Amino acid sequence: MTIQTVSTNKAHGGVQGVYRHASQATGTDMVFSVYVPPHAEGARLPVVWYLSGLTCTHANVTEKGEFRKACAELGLIFVAPDTSPRGADVPGDANNAYDFGLGAGFYVDATQEPFARNYRMWSYVTDELPKLVAGNFPVDAKRQSVMGHSMGGHGALTVALRNPHRYRAASAFAPIVAPSLVPWGTKALTGYLGPNKDAWRAHDTVALIEDGAKFPGFLVDVGEADNFLKEQLKPELLQAACSKANIPLTLRMQPGYDHSYYFISTFMEDHLHWHAEKLKG
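My aim in this report is to walk through the structure given alongside it, one point at a time. If you're wondering where the values come from, they're calculated on a predicted model, not measured in any experiment.

## Let's talk about helix α9 (residues 261-278)
An ideal rise of 1.5 Å per residue puts 26 Å on 18 residues; α9 measures up with 25 Å between its terminal C-alpha atoms. Along α9, the sharpest kink reaches roughly 45°, centred on F267. Buried residues of α9: Y261, F263, I264, S265, F267, M268, H271, L272, W274, H275 and A276, and no others. Capping of α9 at its N-terminal end is provided by S260; its side-chain oxygen lies 3.2 Å from the backbone amide nitrogen of Y262.

This is the structure in structure tokens:
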């Protein structure tokens, strides 16, 4: 699989690149970013996958996430995919809503028309893009972890729970932990997967844990001043599910912080150090 280089910039001794390729999973061109830290020739480096939230592209975290200094120091490759397929022929929400369609793929493989043809973000982030990155960058396939924000936090936790032998660590900023129970999630899961709620459980962190999925532990940060805390995020449901299932959870409620990249960038370094520790060896 070939990639086209959109841009490269030197940063903290490494290279921040943005790339484009023709995706078989989505049937569209997809753009993603990769930061490769300085490293010895021939070295294979651990990878942190970052899944972004509603309305975002790769660019939000790439430009605002403040991850490169820590990644350079820790020797981590940082990969940021887009959040959905894009293009003139890709269907979106009829009312151009921000929480469904373009920019809101929810990291599922849609089964409902007209979305099933393009909205295959689960396959994209768990299969196609990892193979593409492995073929073009010096990654260590045995040392991978995943993190995300909001909708991407939902994606990161579900990806980890369904692939516990692939990812050594998983963390999230303000994740949607129970999409089956909140407005953002019920809208997206109904639109992409249909009304059968049993089909939703494979893409719901709390439901996956209730159904027996396991992971070594999670790090989650949520801002106490997040406008979406009570209606959309509900971290207390994740806390209860992890406690019942004996899954270690470090849930940090951060006073005064909101849902923005000011919040994410503040705690990004903490998360990367946590990932690096679990990606050793």
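Still more ground to cover, so stick around.
## Focus on helix α3 (residues 121-136)
Considering bend angle alone, the principal kink of α3 is centred on L129 and spans about 35°; proline P130 follows within four residues of it. Residues M121, W122, S123, Y124, V125, T126, E128, L129, P130, L132 and V133 constitute the buried set of α3.

## Regarding the environment of F78
In this structure, F78 sits in strand β5 (residues 77-80). Those residues in contact with F78 that sit more than four places away from it in its chain are S33, V34, Y35, V48, Y50, V61, F67, C71, M147, M268 and L272.

## Some points on the pairing of strand β6 (residues 139-149)
β6 sits mainly inside the fold: 9 of its 11 residues count as buried. The pairing of strand β4 (residues 45-51) with β6 spans 6 bridges and is classified as parallel. Bridge pairing links Y50 to M147 in β6. The pairing of β6 with strand β7 (residues 167-173) spans 6 bridges and is classified as parallel. Residue pairing in the sheet places S145 in a bridge with A169 of β7. Regarding topology, helix α4 (residues 151-162) serves as the crossover connection from β6 to the parallel β7, and that connection is right-handed.

## Some details on the sheet that holds β4
With mixed pairing, the 9 strands of this open sheet are ordered in space as β1-β2-β3-β5-β4-β6-β7-β8-β9. Taken across any chain shown, the strands that pair with only one partner, and hence form the sheet edges, are β1 (4-11) and β9 (249-254). Adjacent strand axes in the sheet meet at a mean angle of 20°, parallel and antiparallel pairs treated alike. As judged from the 4 bridges shared by β7 and strand β8 (residues 218-223), these two strands associate in the parallel manner. Residue pairing in the sheet places A170 in a bridge with F218 of β8. Contacts from α3 reach β2 (14-22), β3 (29-36), β4, β5, β6 and β7 within the one sheet, and its direction differs from that of β3 by about 55°.

## Let's talk about unusual backbone geometry
With an omega of 5°, the peptide bond running from E113 to P114 counts as cis. Examined against the element boundaries, P114 turns out to sit in the loop between β5 and α3. Within the chain, Y107 stands out as a residue other than glycine whose phi angle is a positive 55°. Along the polypeptide, Y107 turns up in the loop between β5 and α3.

## Re the packing of aromatic side chains
One pass over the structure, following the stated rule, counts 16 aromatic pairs. Ring centres 5.7 Å apart and planes at 35° place the aromatic pair Y19 and F32 in the tilted group. Separated by 13 residues along the polypeptide, Y19 in strand β2 and F32 in strand β3 bring together distant segments of the chain. You'll find Y19 and F32 in the same group, each marked buried. Centroid distance F115 to Y192: 5.7 Å. Interplanar angle 90°. Geometry classified as edge-to-face. Of this pair, F115 sits in the loop between β5 and α3 while Y192 sits in helix α5 (residues 183-193), placing them 77 residues apart in sequence.

## Some points on the nonpolar core
The biggest cluster of nonpolar side chains holds 89 residues, and the ones touching the most others in it are F78, Y192, F218, M268 and L272. Filtering out sequence-adjacent residues up to four positions away, L272 remains in contact with V48, F67, A70, C71, L74, L76, F78 and M147.

## Quick look at the side chain of H271
Along the chain, H271 falls in helix α9. Overall, the relative accessible area of 0% leaves H271 in the buried class. A polar contact is formed between the side chain of H271 and the side chain of S171, at a distance of 2.9 Å. Those residues in contact with H271, other than ones at most four positions away along the chain, are M147, S171, A172, F173, L219, D221 and R252.

Conventions and cut-offs
Residues numbered from 1 in each chain as written. Predicted model: local features only at pLDDT ≥ 70, side-chain atom pairs only at ≥ 80, totals over all residues. Heavy atoms only, no water. Helix = DSSP H or I, 4+ residues; strand = E, 2+ residues; numbered from the N terminus. Expected span 1.5 Å × (residues − 1). Bend = angle between axes of the 7 residues up to and from the residue. Buried < 20%, exposed > 50% of the residue type's maximum accessible area, 1.4 Å probe, protein only. Polar contact = N/O pair within 3.5 Å; in protein donor to acceptor, adjacent residues only side chain to side chain. Contact = heavy atoms within 4.5 Å. Pairing = 2+ DSSP bridges. Right-handed = clockwise from strand over helix to strand, strands pointing away. Axes fitted to C-alpha atoms, helices over the stretch in contact; angles between N-to-C directions. Phe/Tyr/Trp six-rings, centres within 6.5 Å; stacked < 30°, edge-to-face > 60°. Core = buried A, V, L, I, M, F, W, Y, C linked by side-chain atoms within 4.5 Å.

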